[in-house]
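Chain by chain, the residues:
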Amino acid sequence: MKRLMVAMLAVAAMTSCSKESTEEDIIPDTPVKVQFNAGVMDVQAKALVTGTTLPDGNMGVYAWDGGTTDFSKTTHENLNNAKIAVSTNGTKFDFEADHEAFWPVGTLDFYAYYPQVTGADLIAATASTTPKVNIKLADQIDYMWASPVKEAKKATPTVNFEFNHALSAITIIVKKEADAGTVNLSAIKIAKYHATSQMDIATGDLTADASEVEFPISITAADLSEAGDEFVTDYLVWPGSAPEFTLTLNNIDKTVTPKDGENELIFTANKKHTLTFTITATGIQVTASATDWSAGNNGTGSI
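To start, this report covers the structure provided alongside it. (Residues numbered from 1 in each chain as written. Predicted model: local features only at pLDDT ≥ 70, side-chain atom pairs only at ≥ 80, totals over all residues. Heavy atoms only, no water.)

## Thoughts on the overall build of the protein
Right, on to step 1. On a plain count of helices and strands, the protein comes out with zero helices and 27 strands.
Right, on to step 2. Expressed as a percentage of its 303 residues, the buried residues of the protein come to 45%.
Right, on to step 3. Only carbon and sulfur atoms are counted for the fraction: they give 48% of the accessible area of the protein, which is about 14100 Å². (Helix = DSSP H or I, 4+ residues; strand = E, 2+ residues; numbered from the N terminus. Buried < 20%, exposed > 50% of the residue type's maximum accessible area, 1.4 Å probe, protein only. Areas by Shrake-Rupley, 256 points an atom, 1.4 Å probe, with all protein chains shown as cover.)

Structure below.
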């Protein structure tokens, strides 16, 4: 699985900006400020994250005392959804003014996600669960969660976050066979799909709302070719069973559910899938493959 890595680096408050702090540099009882350094390990938010750096924006960071299992307890000072500004092409990380955090004597458990949200889109922690982020699929934002870092301490000042994509992504290619005649594709939509889900920032698990809606996917209408054309690129979808897709062909709606052989086709978090719809004289055939982020399963379907 390809992942995004963020390194949180704590340095001594009085250390020169040109010299990184090490364990040997830290004087006992000297306040040590939390600072950040980041890198991306070949991962590919609205737009998928690509390249080797965390995109400019804001990430949210939480920290509780090490070993905390009751997340309704107070977080460490200034690490309660701390807004960390990412800038300079993912090479500079800053707390808000006057909101810096310092290492305690004991240990801390860290949690992070990207991009940061506030207000109604942030669901508060409970005694048994860390905070959750409300994701609206229509926003098409590539939300990520970091694997928790437990028992981090001042004496070992570097905390490494590995970020994972919470959603899956699809690319759709549509083509026709010669015997299908002239075929115009004017619309693609997903039927009966959850509009929102809540992402647990500690696990990336998604809890979908009960309501379902149609999701029209914006495309440019065109006559189909035998070679095929890419009508949808990297559209974010929920992990889980592939939904029904409706294609409007020559002003007539045709619906198909992609399959993995005789079984359901499963979209998986952190994976990208390519669906190829082939229009024949008798119906629609679908094949599916997966590319990086990381490899997924293949599938076929027809109506």
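Right, picking up where we left off after that structure.
## Things to note about the sheet that holds strand 7 (residues 122-123)
Right, on to step 1. Here four strands make up an open sheet; going across it, the order is 7-8-14-15 and the pairing antiparallel. The open sheet has two edge strands, strand 7 and strand 15 (206-208), and neither has a second partner.
Right, on to step 2. Bridge count between strand 7 and strand 8 (residues 132-136): two bridges; the pairing is antiparallel. The partner of Ile123 across the bridge, within strand 8, is Lys132. (Pairing = 2+ DSSP bridges.)

## Re the nonpolar core
Right, on to step 1. One finds Val174, Ile188 and Phe277 to be the most contacted residues of the largest nonpolar core, which totals 48 residues.
Right, on to step 2. Top element by residues in this core is strand 18 (residues 229-237). It accounts for five residues.
Right, on to step 3. In contact with Phe277, not counting residues within four places along its chain, are Ile172, Ile173, Val174, Lys175, Phe245, Leu247, Val256, Ile284, Gln285 and Val286. (Core = buried A, V, L, I, M, F, W, Y, C linked by side-chain atoms within 4.5 Å. Contact = heavy atoms within 4.5 Å.)

## Regarding the packing of aromatic side chains
Between two aromatic rings, the relevant description is the distance of the centres plus the angle of the planes.
Right, on to step 1. Tallied over the entire structure, the rule returns nine aromatic pairs.
Right, on to step 2. Measuring from centroid to centroid gives 6.4 Å for Phe110 and Phe161, while their planes differ by 70 degrees, and the two rings are edge-to-face. With Phe110 in strand 6 (residues 108-114) and Phe161 in strand 11 (residues 158-165), the pair connects residues that are 51 residues apart, well separated along the chain.
Right, on to step 3. The rings of Tyr62, Trp64, Phe71 and Tyr111 are connected pair by pair, giving a single aromatic cluster. (Phe/Tyr/Trp six-rings, centres within 6.5 Å; stacked < 30°, edge-to-face > 60°.)

## Re the pattern of salt bridges
Right, on to step 1. Enumeration over the complete set of coordinates arrives at three salt bridges.
Right, on to step 2. Among the ionic pairs, Lys189 bridges to Glu214, the shortest N-O distance being 3.4 Å. Of the two residues, Lys189 sits in strand 13 (residues 184-194) while Glu214 sits in strand 16 (residues 212-217), which places them 25 residues apart along the sequence.
Right, on to step 3. With relative accessibility at 47%, the residue Glu214 sits in the partly exposed group.
Right, on to step 4. Note that Asp234 is salt-bridged to Lys272, the shortest N-O span being 3.2 Å. Taken together, the residues Asp234 in strand 18 and Lys272 in strand 25 (residues 272-279) connect sequence positions 38 residues apart. (Salt bridge = Lys/Arg side-chain N within 4 Å of Asp/Glu carboxyl O.)

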